[in-house]
Amino acid sequence: MNELLRFPEEFLWGAATAAYQIEGAVREGGRTPSIWDTFSRTPGKVLGGDTGDVACDHFHRRREDVRLMAELGLGAYRFSVSWPRVQPTGRGPAAQQGLDFYRALVDELLAHGIQPLVTLYHWDLPQELETAPSDGSPAGGGWPERDTAYRFAEYAGIVAEAIGDRVERWATLNEPWCSAFLGYGSGVHAPGRTDPVAALRAAHHLNLAHGLGAQALRAALPARAQVGICLNPSPVRALTDAPEDLDARRRVDALANRVFTGPLLKGAYPADLLADTARLTDWSFVRPEDPAAIRQPLDFLGINYYTPAVVSAAPDGHRASARSPWPGADGVAFHRPPGELTAMDWSVAPSGLVDLLARYTAEAPGVPLLVTENGAAYEDVVDADGHVHDPDRIRYLHAHLSAVHEAIRAGADVRGYFLWSLLDNFEWAYGYSKRFGAVHVDYGTQRRTVKSSGRWYSGVARSGRLP
Ligand code: PNW
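Here the structure is a predicted model, which is why all the values come from computation and not from measurement.

Between helix α14 (residues 391-409) and helix α15 (residues 452-463), whose axes approach to 9 Å, the crossing angle comes to 30°. With respect to α15, the element α14 is oriented roughly parallel. Contacts between α14 and α15 involve Arg393, Ile394, Leu397, His398 and Leu401 from the former and Ser452, Ser453, Trp456, Tyr457 and Val460 from the latter. Considering only residue class, the contact of α14 with α15 consists of six nonpolar, three polar and one charged.

So, about the packing of aromatic side chains. Within this structure, the stated rule accounts for 33 aromatic pairs. Ring geometry for Trp36 versus Trp428: centroids 4.7 Å apart, planes at 55°, classification tilted. With a gap of 392 residues between them, Trp36 in helix α2 (residues 35-40) and Trp428 in the loop between β11 (414-420) and β12 (439-442) connect regions that are remote in the sequence. In terms of burial, Trp36 and Trp428 fall into one category: buried.

Turning our attention to the nonpolar core. Ranked by size, the top nonpolar core spans 155 residues in total, and within it Trp36, Trp143, Trp170, Phe181 and Leu357 carry the most contacts. If you tally residues by element for this core, the top one is helix α9 (residues 196-220), at twelve residues.

This paragraph deals with the UniProt feature "active site" (unreviewed entry) in the protein. On the UniProt side, "active site" (unreviewed entry) is annotated at positions that read Glu373 here. You can see Glu373 is positioned in strand β10 (residues 369-374). Assessed through its relative accessible area of 4%, Glu373 is described here as buried. For Glu373, the side chain forms a polar contact with the side chain of Arg78, separated by 3.0 Å.

The pairing of strands in a sheet happens through backbone hydrogen bonds and is either parallel or antiparallel. Read once around its circumference, the closed barrel built from eight strands follows the order β1-β2-β3-β4-β5-β7-β10-β11, with strand pairing classed as parallel. Within the sheet, the average angular offset between the axes of one strand and its neighbour, ignoring direction, is 25°. Together, β1 (12-16) and β11 form the strand contacts of α15, whose direction differs from that of β1 by roughly 150°.

Right, let's get into the site of the ligand. Of all residues adjacent to the ligand, which total 15 residues, the nearest are Gln21, His122, Glu373, Glu427 and Trp428. A distance of 2.6 Å separates an oxygen atom of the ligand from a polar atom in the side chain of Glu427. Burial of the ligand by the protein chains amounts to 85% of its free accessible area of 450 Å². Assessed atom by atom at 2 Å from the grid points, the ligand resides in the largest pocket. Ranked by the residues each element gives to the shell around the ligand, the list is headed by helix α8 (residues 176-186), at three residues. Here the shell around the ligand is built from residues that sort into nine nonpolar, three polar and three charged.

Under the definition given, this model contains 40 salt bridges. A salt bridge links Arg448 to Glu64, with the nearest nitrogen and oxygen atoms 4.0 Å apart. Highlighted residues: Arg448 in strand β13 (residues 447-450) and Glu64 in helix α3 (residues 62-72), separated in sequence by 384 residues. Judged by its relative accessible area of 12%, Arg448 is buried.

With that settled, the discussion passes to α3. Among the residues of α3, Arg62, Asp65, Val66, Leu68, Met69 and Leu72 are the ones counted as buried. Burial along α3 is one-sided: seen end-on, the buried residues are contained in an arc of 155°. Facing away from the buried surface of α3 by more than 90 degrees, the exposed residues are Arg63 and Glu71. Turning to α3, the residues buried within the fold contact β2 (76-80), α5 (96-111), β12, β13 and α15. Just downstream of α3 lies Gly73, where phi reads positive at about 75°.

With that settled, consider the environment of Ala412. Tracing the backbone through its elements, the reader meets Ala412 in the loop between α14 and β11. In this structure, the C-alpha to C-alpha distance between Ala412 and Arg359, residues 53 residues apart in sequence, is 9.1 Å. Residues in contact with Ala412, not counting those within four places in the same chain, are Leu357, Thr361 and Ala407.

What follows covers the pairing of β1. Most of β1 sits inside the fold, with five of its five residues counted as buried. Neither face of β1 is left uncovered, since the one carrying Leu12, Gly14 and Ala16 and the one carrying Trp13 and Ala15 both have all their residues buried. Two elements, β1 and β2, share three bridges in a ladder whose sense is parallel. By the bridge assignment, Ala16 is partnered in β2 with Arg78.

So, how was this worked out
Residues numbered from 1 in each chain as written. Predicted model: local features only at pLDDT ≥ 70, side-chain atom pairs only at ≥ 80, totals over all residues. Heavy atoms only, no water. Axes fitted to C-alpha atoms, helices over the stretch in contact; angles between N-to-C directions. Helix = DSSP H or I, 4+ residues; strand = E, 2+ residues; numbered from the N terminus. Parallel < 35°, antiparallel > 145°, perpendicular 65-115°, else oblique. Contact = heavy atoms within 4.5 Å. Nonpolar A, V, L, I, M, F, W, Y, C, P; charged D, E, K, R; others polar. Phe/Tyr/Trp six-rings, centres within 6.5 Å; stacked < 30°, edge-to-face > 60°. Buried < 20%, exposed > 50% of the residue type's maximum accessible area, 1.4 Å probe, protein only. Core = buried A, V, L, I, M, F, W, Y, C linked by side-chain atoms within 4.5 Å. UniProt positions renumbered as here; feature names shortened; annotations may be inferred. Polar contact = N/O pair within 3.5 Å; in protein donor to acceptor, adjacent residues only side chain to side chain. Pairing = 2+ DSSP bridges. Near = heavy atom within 4 Å. Areas by Shrake-Rupley, 256 points an atom, 1.4 Å probe, with all protein chains shown as cover. 1 Å grid on protein atoms, 1.4 Å probe; cavity = no way out; pocket = protein on both sides within 12 Å on 5 of 7 lines; lining within 4 Å. Sits in = over half its atoms within 2 Å of the grid points. Salt bridge = Lys/Arg side-chain N within 4 Å of Asp/Glu carboxyl O. Arc of directions from axis to C-beta.

Structure (structure tokens):
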């Protein structure tokens, strides 16, 4: 047996999901629409016109799904709470039925020895916080508006009061980069706005929401609770070592990574980011007290990783389009990174994960890291014998877990790994066309079939080592 591929004793082996991607039951128990309900029902926004109306019907199949996790031998499960399910309309009183669902889910997980990691916000903003209802109640405006951060902190307190006695690990936000820059910049995610200034304002108010939310969590949770955030930092590589390509890398690194880790870890926005975006905004929406509010102690930093970015300087005069997810990154060209492609057309590059884990070990000294998402989409089919044979995914997972192991050997304090995803699910703008699950879902019958990669991962989780 290869001792080198053994993971630490307490390493958490998990899988991850998100509420809108799996729950369905969008009209039950007083749940109101989120921006993703509205977006997915808008023609042309999601491939095939798919919506999360039914998804994996997890809201009704919770017990079966927890049993499945137990059969797979998972030690941890990362899921998100649907804000409009527990606080319809995003302000005001909690919906007990919504909270009851998550209470029951957590109790079943704990009964099976599976540790929950709760993400408070995985993109399903209550619609009324984005657009004001016509009844004259306060205006929304979504993440570009400061009020949304205050509303988030209140919501965080509600969830902590309800399940804080039994959940140890809490992530405030999932991938604020996607919420800000895909939601308000490129418009490929909900709410589908394409305004570079709104995207930058959203990034700041998401940072503020994290800070205020973390404070609300700490006020409501027992001292043993661990509070963190899940980012999707991008390893940004320059196409060549030419100074202009290195400068393109610096600019994209600021917009992909340091716009979040600057305030979160260092208490300030990077000066180069402010300079690069100066033609768009003077950042006067950042109040003097905000950096201190955002820089809260982190008990873990969640890293979601899929693929790196490769950039170079674009020919003179090239401007970031109005619909770019990189506002202010004028004169940058993006290239396909080397490596095989998954069904998302994302290249397989496990070295990117080694780089990220080393980088955040250095930039966030003393903060344990969790890989809170990693996985791949492939074109899986159930064969005549009822099996899903997915050797590509096994290779992807093996390579990325080897990368985690390598990072640990090099000194990174990585405490766990959450495979994205437990189940095939609603893959945002791609609808149900992309399958990331360790478990195949037949959306016609809701039949779950463990893929060969799911069995393989189960072996890893049970043994704590890579074959
Ligand atoms: C993440 N991009 O999304 C999310 O956290 C998951 O909900 C999602 O299913 C998973 O990764 C797979 O996509 C991303 O375009 C979506 O850079 C898009 C991007 C990155 C992450």
